[in-house]
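Structure at a glance
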Amino acid sequence: MVVDNTELLKILSRESLPVFPSLEVASLEKFYSLPALNDPRIDKLPYSVRILLESAIRNCDNFQVTKADVEKIIDWENSSPKLVEIPFKPARVLLQDFTGVPAVVDLACMRDAMNKLGGDSNKINPLVPVDLVIDHSVQVDVARNENAVQVNMEHEFRRNNERFGFLKWGSNAFHNMLVVPPGSGIVHQVNLEYLGRVVFNTDGMLYPDSVVGTDSHTTMIDGLGVAGWGVGGIEAEAAMLGQPMSMVLPGVVGFKLSGKLQNGVTATDLVLTVTQMLRKHGVVGKFVEFYGEGMGKLSLADRATIANMSPEYGATMGFFPVDHVTLQYLKLTGRSDETVAMIEAYLRANNMFVDYNEPQQERVYSSYLELDLANVEPCISGPKRPHDRVPIKDMKADWHSCLDNKVGFKGFGVPEKEQDKVAKFTFHGQHAELKHGSVVIAAITSCTNTSNPSVMLGAGLVAKKACELGLEVKPWVKTSLAPGSGVVTKYLLQSGLQKYLNQQGFHIVGYGCTTCIGNSGDLDESVASAISDNDIIASAVLSGNRNFEGRVHPLTRANYLASPPLVVAYALAGTVDIDFDKEPIGTGKDGKGIYFKDIWPSNEEIAEVVQSSVLPDMFKSTYEAITKGNPMWNSLSVPSASLYTWDPNSTYIHEPPYFKDMTMDPPGPHGVKDAYCLLNFGDSITTDHISPAGSIHKDSPAAKYLLERGVDRRDFNSYGSRRGNDEVMARGTFANIRLVNKFLNGEVGPKTIHIPSGEKLSVFDAAMRYKAAGKDTIVLAGAEYGSGSSRDWAAKGPMLLGVKAVIAKSFERIHRSNLVGMGIVPLCFKPGEDADTLGLTGHEYYTIDLPSKVSEIRPGEDVIVTTNTGKTFTCTLRFDTEVGATLTFELLVYLSMLVELAYFDHGGILPYVIRNLIKQ
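An account of the accompanying structure is given in this report. Remember, it's a predicted structure, so these values are computed and weren't measured experimentally.

Once that is clear, we can look at the overall build of the protein. The number of helices and strands found in the protein is 33 helices and 33 strands. Relative to the compact-globule value of 29 Å for 920 residues, the protein shows a C-alpha radius of gyration of 27 Å, a close match. For the protein, the C-alpha atoms occupy an extent of roughly 85 × 75 × 55 Å along the three principal directions. For the protein, buried positions account for 64% of its 920 residues. Here the analysis covers contacts within the protein between residues at least 6 apart in sequence; of these, 75% occur between residues at least 24 apart. About 32800 Å² of surface is accessible on the protein, with carbon and sulfur atoms providing 49% of the total. With 88 positive and 107 negative side-chain charges, the protein shows a separation of 3 Å between the mean positions of the two kinds.

Here it is as structure tokens:
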């Protein structure tokens, strides 16, 4: 039945909500009906916007969510171009361990702060379901070995025992929190196959599943028709505690698909093509919604692959509404028939289901794109950015142009006389050689592709054909296979293809992100020396979603994203400097050249093995056991207290200083006076540059800190694994070895110039000198500052270094929000201006005048920045929320002030939440 809520009717100014015709599903009890509103505007809304509307209606209390917010969403066609702000309450929150550990650290620390301020620490508890999947910690220490999974997991637990114990404590100490143990799979595949509800049934109330996650590829769930996207860890923590997320009502790009993929073309080729198209179209901050007759030709796994890479094309979501393909997938993955029937009935009743067998009502979109799937061709992307797509047929020419081009996103600046250099070395007694473009890492990895049976089994077929023809991957290529879940292993074994992957060195190394996030492990010393001693531009080919320089491995400067079958093909070739159409991959056992076409499977071959090998029972048996853990996890002993006992000697879990000396009175807004520039950047500084997740360099400030505390170098682990320790992470801020800082005149690395002394120091040491002298700092940057992973430490770290403001040409959406959440002022240069055009060197002192009262600050207002050299310029203040209308004192914090300005006034989002919870 439709919910009869008198207050809701008053809020919506409707006289009545008619009861929707009864449905023949016993569990269909109560829901908020969109058709019952009888508003013709709703019928034209994109499906993704209907989910926002249902959430606003269900949560409408005229306090956190108002009548005006509901009307804005209903009038989306007219209101979204005005960039209006709406609150959104997701149904659940998704975490992985790299971002989950600092989130649980923050929650534990907030409990302590509540205690100290006289509040009820039990109020710090998730109010919505929180799922945390431990998948980011496993490293490829051992590869090309039958025992790799077990050995790598033993290393993982040895390194991360304290972190894992802390998370296990959190799963007991906090209500509503499920922790999926290590070795279970990649968070987004587990979300797709198991955690995703599609429709919630909470005490008989039905509503759409929606999720925000602390990993930018949370968008993968959009392929299942669940609205989900990445947010910063601090935003996620607020959402857990019942705070509405403030977001701009997005424009929605309608992306029409027609036709079908040609033979030999994979979902990876499709997503790289879509990524390039959408980057060119411009979709930052928007939803993309896919529709058209081509949808029926895409499997759910293909859709999830496209949705997964939303961050790479810049959209908040890449959304696929629920249809019959979705329902079939839900049944395949072990959801019960009753659950699937309930999902279909509810979504049909609420006009959220697409039935392509029925006439389609035209929906309105902000803009439109179209792709004929038949036009997609095999491709890869690289060597330094996900959207730099290269058709396979053009790869050799593109590689040589990259060698020729000056250093940049598509260039390495190698002099022509050095381009044919050969580095000869001995690999375990065997003669070996490397050239520019030689593949030294080939990894089937990452959430993007390891959820897709067609490309995983396709990789197995390539390996099988290569084995049968006598081709072998060179032993110095570090090959690895990290499935997204245990289901993948089952269907690779069922098909008989895993043994051929093993023969080519693609043994299973673990169940987690591995190479895609930089957990690629060490290269063999002989290979590493050959690369370093001869300055070889070595290559990695991976089935991932990120290939920013310095991310995959410090020694692979060229990193290409490719489908799993292409990863195997390039591993066999041993180089990216090859034309697959004209040059043989290698020599077969009969002495003849073997070409790409000889090992590439047809679509029919792949479909046949998928049909016979991917079975529903595999999903059921895998996920029935998933929360039972494994012996290593189950043996972890953890305290039962609700307050965490901090160990001051721990190098993994450390009490952060965010709430030190906190009082109930907000500190108020701060300007910036005579600040030094800590760093001066160009365009495309990513969160990997700001807060790297990978290995800790032996000469870094973080390494010094760990060595001083008795941590052996082999146990440094990664920055990502130490995000529960603010001391390590502050030292790891701007510690990327590929950082390009204009102060260093072309020198690459994590250094800067301390302006007063002129000394070249590590960024951390320079920042500490400024702090010791009582001096504020700022950062100058170009376009797309903070692009890449949604990484809260990329905001927390600069705050701990004393950065008060970032002045950039533009910001990535999540990162800008994270900066505000940590009390850092985001400012944008005016269009056409940047530090260079304004003649700024970064050696100036910067003063940013802001009003002392938060009520006098307006988002988007012009702010004057002055320097001690007499230069003055105007920037746009990037607090992106709008004013509410209620003026009563009790609602001042929520409605009269801008939400982000309220965070700024309180010194950050977490102090804001604590003070408001105590007041409540």
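Inspection of the secondary structure puts aspartate 215 in the loop between strand S8 (210-213) and strand S9 (227-230). Arginine 546 is the oppositely charged side chain nearest to the buried, salt-bridge-free aspartate 215, at an N-O distance of 6.7 Å. At 3.0 Å, the side chain of aspartate 215 and the backbone nitrogen of histidine 217 are in polar contact.

Quick look at the sheet that holds S8 now. Pairing is parallel in the open sheet, where 5 strands are placed in the order S5-S4-S3-S8-S9. Of all the strands in the sheet, just strand S5 (177-180) and S9 have a single pairing partner and so form its edges. For this sheet, the mean angle separating the axes of adjacent strands, direction not counted, is 20 degrees. Two elements, strand S3 (residues 92-96) and S8, share 3 bridges in a ladder whose sense is parallel. Among the inter-strand pairings, arginine 92 is bridged to a residue of S8, identified as valine 211. Contacts from helix H8 (residues 187-195) reach S3, strand S4 (130-133) and S5, with the element oriented near 140 degrees to S3.

Here we come to the pattern of salt bridges. Applying the stated criterion across every chain, the model contains 44 salt bridges. Salt-bridge contacts for aspartate 97 lead to arginine 163; the nearest nitrogen and oxygen are separated by 3.0 Å. Placement of aspartate 97 in helix H6 (residues 97-116) and of arginine 163 in helix H7 (residues 148-173) is noted, with a sequence separation of 66 residues between them. Residue aspartate 97 is classed as buried on the basis of its relative accessible area of 0%. Using a relative accessible area of 0% as the deciding quantity, one classes arginine 163 as buried.

Counting across every chain of the model gives 30 aromatic pairs. With 4.9 Å between their ring centres and 80 degrees between their planes, phenylalanine 166 and tyrosine 644 make a pair best called edge-to-face. Of the two residues, phenylalanine 166 is situated in helix H7 and tyrosine 644 in the loop between helix H24 (631-634) and strand S25 (672-680); the sequence distance between them amounts to 478 residues. Among the residues examined, tyrosine 644 registers a relative accessible area of 17% and is labelled buried. Clustering of aromatic rings is evident, with ring pairs tying together Phe166, Trp169, Phe174, Tyr644 and Trp646. Positioned above the aromatic ring of phenylalanine 409, the side-chain terminus of arginine 385 is 4.0 Å from the ring centre.

This part covers helix H17 (residues 486-495). Turning to H17, its buried residues number three or more, namely Gly486, Val487, Val488, Thr489, Tyr491 and Leu492. Each element contacted by the buried residues of H17 is listed here: H8, helix H16 (453-469), strand S20 (478-481), helix H18 (498-503), helix H22 (603-613) and helix H23 (616-624). Directly beyond the C-terminal end of H17, a positive phi value near 80 degrees is found at glycine 496.

Time to look at the packing of H6 against helix H9 (residues 233-240). At their nearest, the axes of H6 and H9 sit 10 Å apart, and the two run at 55 degrees to each other. When the axes of H6 and H9 are compared, the pair comes out oblique. By crossing handedness, the relation of H6 to H9 is classed as right-handed. For the pair H6 and H9, contact is made by Pro102, Ala103, Asp106 and Leu107 and by Ile234, Glu237 and Met240, respectively. Residues that form the contact of H6 with H9 fall into these classes: 5 nonpolar, no polar and 2 charged.

Reading guide: rules and limits
- Residues numbered from 1 in each chain as written.
- Predicted model: local features only at pLDDT ≥ 70, side-chain atom pairs only at ≥ 80, totals over all residues.
- Heavy atoms only, no water.
- Helix = DSSP H or I, 4+ residues; strand = E, 2+ residues; numbered from the N terminus.
- Rg over C-alpha atoms; globule rule 2.2 N^0.38 Å.
- Buried < 20%, exposed > 50% of the residue type's maximum accessible area, 1.4 Å probe, protein only.
- Contact = heavy atoms within 4.5 Å.
- Areas by Shrake-Rupley, 256 points an atom, 1.4 Å probe, with all protein chains shown as cover.
- Lys, Arg positive; Asp, Glu negative; His and termini not counted.
- Charge placed at Lys NZ, Arg CZ, Asp CG, Glu CD.
- Salt bridge = Lys/Arg side-chain N within 4 Å of Asp/Glu carboxyl O.
- Polar contact = N/O pair within 3.5 Å; in protein donor to acceptor, adjacent residues only side chain to side chain.
- Pairing = 2+ DSSP bridges.
- Axes fitted to C-alpha atoms, helices over the stretch in contact; angles between N-to-C directions.
- Phe/Tyr/Trp six-rings, centres within 6.5 Å; stacked < 30°, edge-to-face > 60°.
- Lys NZ or Arg CZ within 6 Å of the ring centre and 35° of its normal.
- Parallel < 35°, antiparallel > 145°, perpendicular 65-115°, else oblique.
- Left-handed = near helix turned anticlockwise from the far one by under 90°.
- Nonpolar A, V, L, I, M, F, W, Y, C, P; charged D, E, K, R; others polar.

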